[in-house]
Amino acid sequence: MMNTMNLNSQSDSASPGIIKPLDPEEFKRQGYMMIDFVADYIRNIGNYPVLSEVEPGYLREKLPASAPSGPESIESILKDVQEHIIPGITHWQSPNYYGYFPSSGSIAGFMGEILSTGFNVVGFNWVSSPAATELENVVMDWLGQELKLPKTFLFEGHGGGVLLGTTCEAILCTLVAAREEKLTQFGRDNIGKLVVYGSDQTHSALQKAAKVAGIDPRNFRLIKTKRSNSFALSPDSLLSTILLDVKNGLIPCFLCATVGTTAMATVDPVGPLCKVAKEYGIWVHVDAAYAGSACICPEFRYCIDGVEEANSFSLNAHKWFLTNLACCCLWVKDRKALTKSLSENPEFLRNKASQSKKVVDYKDWQIPLSRKFNALKLWLVLRSYGVENLRNFLRNHVQMAKTFEGLMRLDKRFEVVVPRKFSLVCFRISPTAIASGLCNGSEACYSGKLMNDDYRVNEINRELLDLVNSSGNAFMTHGEVEGAFVIRCAIGSTLTEEHHVIMAWRLVQENANLLLGKTNCTSI
Ligand SMILES: *Cc1c(COP(=O)(O)O)cnc(C)c1O
């Protein structure tokens, strides 16, 4: 089987060294083998530690120092994948994966990827592959309709949707469009006056976009949120921040509102924020990277109420919509605003279709020129599962998060730090439990410094998370809420079922037993 010459050996070409990299028969042979490999990986995924246990630099030691000069067989390559690559994988598709926001892969997403890679077209403009552009137009309208986005965000209006790689790109592209509008209006010299707004819960993607877009760091506002307002961005705070900026001669430009923030899945009040922003001509982008998918369910749609007043909206289909990485869906209300800021028309790309202005050239909606035929993935997902099943898939995750939250509420040592949102539960061992656990409930420890020792509470929760993750049986990540270290259990992996979630809870509980039992006064 270890025929290192196999690409050539079965070819009828006599001359060694001339490869046939697209031989259909060999493609089938290797393709079936690869599918078998991935299927076995998925079947066995629960047996691997979710969080990779390798040390930094582990792989260089395992692999040769230079590339092979001759061909190697797929069999020997797959052997290395099994032995050296898989140990270095953190298994995002594991049913026991609860970190960050999970990525939900699916057979449909995978098949779409195969097709897209099989055609391997570079559909930067319509003529370079009409189906790539037109299918993207159709599926973006389809999904936009299911989200009940206003018609102005669809192609029948002045808007439309585009598939980008990531939310970072969506925010950058829309920020650049907003910047262009302001600079056209106020003059190019005023770039140093443009102000960008978000909250202290906004994803760091906004800060990165502002940097790339040349926004003066002094004009970047992360408005403070409060627990009393569920950590949502308050329209009043936004207004007072804007007023101060205007008073100082600055130009409000862009607001990123979030539906489902990264730390705790908070929902900013889109409608009221847009109302404030509109007064000052601010472009509002709604970042719904994770929670946007849930808005196809009528019971969650209210989370984006008021989106008709926003300028753009995006979600990551690779997060919670069964579409394998990478697939960010962005809709804009005014497609000209995007194309005005992002289009270039060099001679080599000129063609009749583009000049007719009857087609969409997606190169003008994104940063790169080249692009994948990603619409196939989303099309296959929508068709293979149907919208009603997709809704139920999302609801099931929310239900499992409720189960996890419910179990946790029965154990008084824990606190659910903010109420569960969607399928995200944020929790920690409570300061009270730590104070009593540390000193076996002795009175001395309830008074005095220990109970308020936030640092200690954080460290013990950090240790709990480390114990859970190093067990290999679950993987969660953390966030920060008002200085508190909070463990996040984000349910959304495709393979997760209720019994996995119950097991994850037991794992948390057992490790808390260990921690609270083992610590004592003298160790402080
Ligand atoms: C995940 C996430 C992002 C970043 O997404 P990328 O696609 O990796 O750029 C931005 N915002 C929110 C709210 C997210 O959850």
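Residues numbered from 1 in each chain as written. Predicted model: local features only at pLDDT ≥ 70, side-chain atom pairs only at ≥ 80, totals over all residues. Heavy atoms only, no water.

Note the following rule: UniProt positions are given in the numbering used here, feature names are shortened, and annotations may be inferred rather than shown by experiment.
As recorded in an unreviewed UniProt entry, the protein goes by the name Tyrosine decarboxylase, listed as coming from Clitoria ternatea. Among the UniProt annotations of the protein, the heading Sequence similarities (unreviewed entry) holds the following wording: "Belongs to the group II decarboxylase family." Looking at the Cofactor (unreviewed entry) heading of the UniProt record, one finds this comment for the protein: "pyridoxal 5'-phosphate".

## What about the domain arrangement of the protein?
This is how the line gets drawn: Just so you know, the domain bounds were taken from an automatic or database domain assignment. Defined here as a combined quantity, buried area equals the accessible surface (1.4 Å probe) lost by two parts on assembly, summed across both. We define a salt bridge as a side-chain nitrogen of Lys or Arg found within 4 Å of a carboxyl oxygen belonging to Asp or Glu. In the analysis that follows, any N or O atom pair within 3.5 Å is treated as a polar contact, provided that within protein one partner can donate a hydrogen and the other can accept it, and provided that, for residues neighboring in sequence, both atoms belong to side chains. Basically, the charged four are Asp, Glu, Lys and Arg, the nonpolar ten are Ala, Val, Leu, Ile, Met, Phe, Trp, Tyr, Cys and Pro, and anything else, Gly included, counts as polar.
Domain annotation for the protein reports domain 1 (24-91), domain 2 (122-385) and domain 3 (396-516). Here the C-alpha centroids of domain 2 and domain 3 sit 34 Å apart. Carbon and sulfur atoms supply 64% of the area buried between domain 2 and domain 3, which totals about 1,300 Å² over both sides. The tally of links between domain 2 and domain 3 comes to one salt bridge. The partner of Glu482 in a salt bridge is Arg227, and the shortest N-O contact between them spans 3.0 Å. For the pair domain 2 and domain 3, the interface holds six residue pairs in polar contact (both at pLDDT 80 or more). Looking at side-chain class alone, the side of domain 2 that touches domain 3 contains 12 nonpolar, three polar and one charged residues.

## A closer look at the site of the ligand
Here is the rule we go by: Think of it this way: one heavy atom of a residue within 4 Å of a molecule or strand is enough to make that residue near it. Note on areas: Shrake-Rupley with a 1.4 Å probe; residue coverage comes only from the protein chains shown.
Residues in close proximity to the ligand include Phe101, Thr166, Thr167, Cys168, His203, Thr258, Gly260, Thr262, Asp287, Ala289, Asn316 and Lys319, which together make up its full environment. Separating an oxygen atom of the ligand from a backbone N or O atom of Thr167 is a distance of 2.8 Å. Interatomic distance of 2.8 Å between a backbone N/O atom of Cys168 and an oxygen atom of the ligand. Relative to its unbound accessible area of 390 Å², the ligand is 86% covered by the protein chains. Partitioned by chemical class, the residues of the shell around the ligand number three nonpolar, seven polar and two charged.

## Comments concerning the sheet that holds strand 10 (residues 424-429)
In plain terms, the rule: Pairing between strands is defined by DSSP: at least two bridges between the two strands are required. In this text, helices come from DSSP runs of H or I with a minimum length of four residues, and strands from runs of E with a minimum of two, each type numbered from the N-terminal end.
Across the sheet, which stays open at both edges, the five strands sit in the order 1-11-12-10-9 with mixed pairing between neighbours. Of all strands in the sheet, those bounded by a partner on one side alone are strand 1 (97-98) and strand 9 (414-421). Pairing of strand 10 with strand 12 (residues 484-490) involves four bridges; the strand directions are antiparallel. Pairing of Leu424 across the sheet is with Ala490, part of strand 12.

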